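What follows is each chain in one-letter form.
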Amino acid sequence: MTTLDHPSISKLAGALREAGLASAADGIRILDDEVRTAAAAAAALGVEVGAIANSLVFRATHGDEVRPLLALTSGAHRADTAVLASLTGADEVGRADPAFVREHTGQAIGGVAPVGHPRPVPTIVDADLARYAVVWAAAGHPKSVFPTTFAELLALTGGTAADVAGQEENHTS
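Because the structure is predicted, anything quoted here is derived from the model rather than measured.

Participant: Tell me about the overall build of the protein, and please be specific about residues and values.
Facilitator: A count of helical and extended segments in the protein gives 6 helices and 8 strands. Ordering the α and β elements of the protein from the N terminus gives α-α-β-α-β-β-α-β-α-β-β-β-α-β. A compact globule built from 173 residues would reach a C-alpha radius of gyration of about 16 Å, and the protein, at 15 Å, matches this within 12%. Across the 173 residues in the protein, those meeting the buried criterion constitute 50%. The contacts in the protein between residues at least 6 apart in sequence include a share of 65% that link residues at least 24 apart.

In structure tokens form, the structure reads like this:
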């Protein structure tokens, strides 16, 4: 894939434009190789790994119901599932398998964009991302990314800002 016409990328670009973020849509980059990790994306872009917004989809259990939860986490650390459960009032939060991710986002692990999903997914945005003037997020495919800001991610997703790393990993303290 070397073009912007992939369905997930096109859907994301449309969502960005609809949200008034034409510069983010125009900034979508198709990379030479898949960048399924924050380290790979940072290396490909020549930026700090913390400026990569990992899109991590979790299974949040609320009683008998399992719902998706998207955590946009700085690539500099991991999201703590106990912290995510506390933030969302879930009984338990755990990693989602590829089928669950695709069902709720329409995208593959490694390329999940913050929006452009079949239905909105509740989102937590890592407050650590506010440290960076430009944040890079996946654009719907493992070879695609787009530039944005912490504030734009919050507005775009309707997300909640929070410290998502465990105390031992929290870089903002």
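Picking up after the structure, the text goes on.
Participant: Before we move on, can you summarise helix α6 (residues 150–157) with the specific residues and values?
Facilitator: Along an α-helix, residues three or four apart share an orientation, since each turn contains 3.6 residues. All of the buried residues in α6 are Phe150, Leu153, Leu156 and Thr157. End-on, the buried residues of α6 take up no more than an arc of 130 degrees, which puts them together on one face. For α6, exposure combined with an orientation more than 90 degrees from the buried face picks out Ala151 and Ala155. Positioned one or two residues after α6, Gly158 has a phi angle of 65 degrees, which is positive.

Participant: Got a sec to walk through the nonpolar core? Specific residues and values, please.
Facilitator: One broad rule of soluble globular proteins: the nonpolar side chains tend to lie buried together. Grouped together as the largest cluster of nonpolar side chains are 30 residues, with contacts concentrated most on Leu12, Leu16, Ile28, Val57, Leu129, Phe146 and Leu153. Counting residues per element, the ones that place at least two in this core are α1 (7–18), α2 (22–26), β2 (52–62), β3 (65–74), α5 (98–105), β6 (135–138) and α6. At 4 residues, α1 tops the list of elements feeding residues into this core. If we skip the residues at most four places from it in the chain, Leu153 touches Ala53, Leu72, Pro114, Val125, Leu129, Val135 and Thr148.

Participant: Tell me about the pattern of salt bridges, and name the residues and values.
Facilitator: All chains considered together, the criterion is met by 4 salt bridges. Here Arg17 ties to Asp26 by a salt bridge, and the two come within 2.7 Å at their closest N and O atoms. Overall, Arg17 belongs to the partly exposed group, its relative accessible area being 44%. Looking at Asp26, the relative accessible area reads 55%, which means it is exposed.

Participant: Give me the lowdown on the environment of His6, citing residues and values where you can.
Facilitator: The topology assignment puts His6 in the segment before α1. It is 8.0 Å that separates the C-alpha atoms of His6 and His141, two residues lying 135 residues apart in sequence.

Rules of the game
All residue numbers refer to positions counted from 1 along the written sequence of the respective chain. The predicted origin of the model limits local features to residues at a pLDDT of at least 70 and limits the giving and counting of side-chain atom pairs to 80 or more, whereas totals for whole chains, interfaces and linings rest on all residues. With hydrogens and water stripped out, all remaining heavy atoms of the structure feed into the side-chain values. Secondary structure elements follow DSSP: runs of H or I no shorter than four residues count as helices, runs of E no shorter than two count as strands, and numbering proceeds from the N terminus. Each radius of gyration is computed over the set of C-alpha atoms, and the globule rule expresses the reference value as 2.2 Å times the number of residues to the power 0.38. Throughout, exposure labels follow a simple rule: accessible area from a 1.4 Å probe, protein chains only, divided by the maximum for the residue type, with under 20% read as buried, over 50% as exposed, and the rest as partly exposed. Here, residues are in contact when the closest pair of their heavy atoms is within 4.5 Å. This arc describes the spread of directions from the helix axis toward the C-beta atoms. To form a nonpolar core, buried Ala, Val, Leu, Ile, Met, Phe, Trp, Tyr and Cys residues must be joined to one another through side-chain atoms within 4.5 Å. Between Lys or Arg on one side and Asp or Glu on the other, a salt bridge is scored when a side-chain nitrogen of the former is within 4 Å of a carboxyl oxygen of the latter.

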